[in-house]
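These are the residues of each chain, in order.
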Amino acid sequence: MGLRGLISAVMKVAFRVDSSAEIGSGHVMRCLTLADALRRRGRECVFICRTLVGNLIELIRSKGFMVYPLRNTARHTSLHAPSELSLLSKETNTAHASWLGCSWEQDLDDTLSILEHVEVDTVVVDSYALDKSWEVLIRQRCNFVVVIDDLADRSHDCDLLLDQNYSREKADYDLLVNDTCSRLIGPKFALLREEFPLMRPISLRRRADARIKTILISMGGGDKDNVTSRVLQGLRSCDPNLDFEIKVVLGALALNIESVKRVASSLPWSVSILVNVTNMAELMMESDLAIGAAGGTSWERCCLGLPAITLVLAENQRLISEGLSGKGAAFTCDLNNLELNLGSLINRFFTDPDLLKTMSRKAAGITKGDGVNRVADEIMCL
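The rules behind these values
Residues numbered from 1 in each chain as written. Predicted model: local features only at pLDDT ≥ 70, side-chain atom pairs only at ≥ 80, totals over all residues. Heavy atoms only, no water. Axes fitted to C-alpha atoms, helices over the stretch in contact; angles between N-to-C directions. Helix = DSSP H or I, 4+ residues; strand = E, 2+ residues; numbered from the N terminus. Parallel < 35°, antiparallel > 145°, perpendicular 65-115°, else oblique. Contact = heavy atoms within 4.5 Å. Nonpolar A, V, L, I, M, F, W, Y, C, P; charged D, E, K, R; others polar. Phe/Tyr/Trp six-rings, centres within 6.5 Å; stacked < 30°, edge-to-face > 60°. Buried < 20%, exposed > 50% of the residue type's maximum accessible area, 1.4 Å probe, protein only. Lys NZ or Arg CZ within 6 Å of the ring centre and 35° of its normal. Pairing = 2+ DSSP bridges.

We now examine the packing of helix H8 (residues 227-234) against helix H9 (residues 257-265). Look at H8 against H9: their axes get within 9 Å of each other, and the N-to-C directions meet at 5 degrees. Viewed along their axes, H8 and H9 adopt a mutual orientation that is roughly parallel. Facing Thr228, Ser229, Leu232 and Gln233 of H8, the residues of H9 in contact are Ser259, Val260, Val263 and Ala264. When its residues are assigned to classes, the contact of H8 with H9 shows 4 nonpolar, 4 polar and no charged.

Across all of its chains, the model carries 6 aromatic pairs by this definition. Relative to Trp269, the ring of Phe244 has its centre 4.7 Å away and its plane inclined at 20 degrees; by these criteria the two rings are stacked. A residue pair is termed long-range when its members are at least 10 positions apart, and Phe244 in the loop between H8 and strand E9 (245-250) and Trp269 in the loop between H9 and strand E10 (271-275) qualify at 25 residues. Judged on exposure class, the residue Phe244 and its partner Trp269 are both buried. What links up through ring pairs into an aromatic cluster is the set Phe15, Phe47 and Phe65. Positioned above the aromatic ring of Phe65, the side-chain terminus of Arg39 is 3.9 Å from the ring centre. Lying across the ring of Phe189, Arg374 places its NZ or CZ 6.0 Å from the centre.

What follows deals with the sheet that holds E9. Across the sheet, which stays open at both edges, the 6 strands sit in the order E10-E9-E8-E11-E12-E13 with parallel pairing between neighbours. Bordering the open sheet on either side are E10 and strand E13 (330-332), each of which pairs with just one other strand. Mean inter-strand twist for the sheet, computed between neighbouring axes without regard to direction, equals 20 degrees. Summarising the sheet, E9 and E10 pair through 5 bridges and their orientation is parallel. When the bridges of E10 are listed, Ile246 appears paired with Val271. Sheet strands touched by H8: strand E8 (214-218), E9, strand E11 (289-293) and strand E12 (308-311). Its angle to E9, the strand with the most contacts, is close to 170 degrees. In the packing of helix H12 (residues 318-327) onto the sheet, contacts are made with E12 and E13, and the angle to E13 comes to roughly 125 degrees.

Right, dumping it as structure tokens:
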């Protein structure tokens, strides 16, 4: 084996990603999916995560990955020359800077201190709080940088960029990355766990019987604003004689479980409350309509042809929601008028029996769910 083959054989990938009650779980979950795909290809993956309140470090470890925690400490003296950081800081003004829990300079130093002792070939960064300034200097400890983004709102210095959002175009990054950066754009690259494409044929077959028997409600990992309870309240405007059951999925970071239970107990339908589930693909396959956040879970629903009513819970979800609505794959419900409008949207599915079939077909056409293999293969080719 030549030197090039030897380097490839021992390539290690480090993921710089965080989760918290504010950030949610989506960034970590999609990085775990990509890490699994890379591990199946023989690559060793490690995670570097800050110990924010509501972090998922133990979950990552339970999946068999080494985690190097970054402590929440006071600002320390930077390893870099002030002139070097000053020049880069002029470019750094991310809208989500507070997500780090520290300055980007401190995060850089903390990460570099880990990589001094953990030799890696590639760093995958999935954080809205980091940009080109951080990425330029992280190259001191790696050969390649991969960025996972959804916003197209800041510059990057990377070899590969993934933005899995619908309605996103490569041109959106023309001024944000260099010409040599490979861009993987659109939901065909969505990072879905392997159970979703595996369950896709079964899910699509059962949608030939287009009736609402089960409604699935899921707002993501944290739901810090307790939108789940508001959705349940909004269902009160449905005809109480309609025959369906409700399944509510709450993430590991959910803070309002008791509130959800109280509202659920007052509804005229059977409501099951499930926390931190491991069979989301199965639950989606068995459901006929979903009500959920227009985040990364949107691609899971599309893969399984599950019609949805989506809610924009963060600004970065707006593009997804508008794209799915424009395609006819989902309805968008205005969060400000949720309780007023949700019932009428659901009633449309009962008065128009063909609506479910149409939405299911259009959703299924958006992604087949094999995006993680495409992305993993691209990283292997670096």
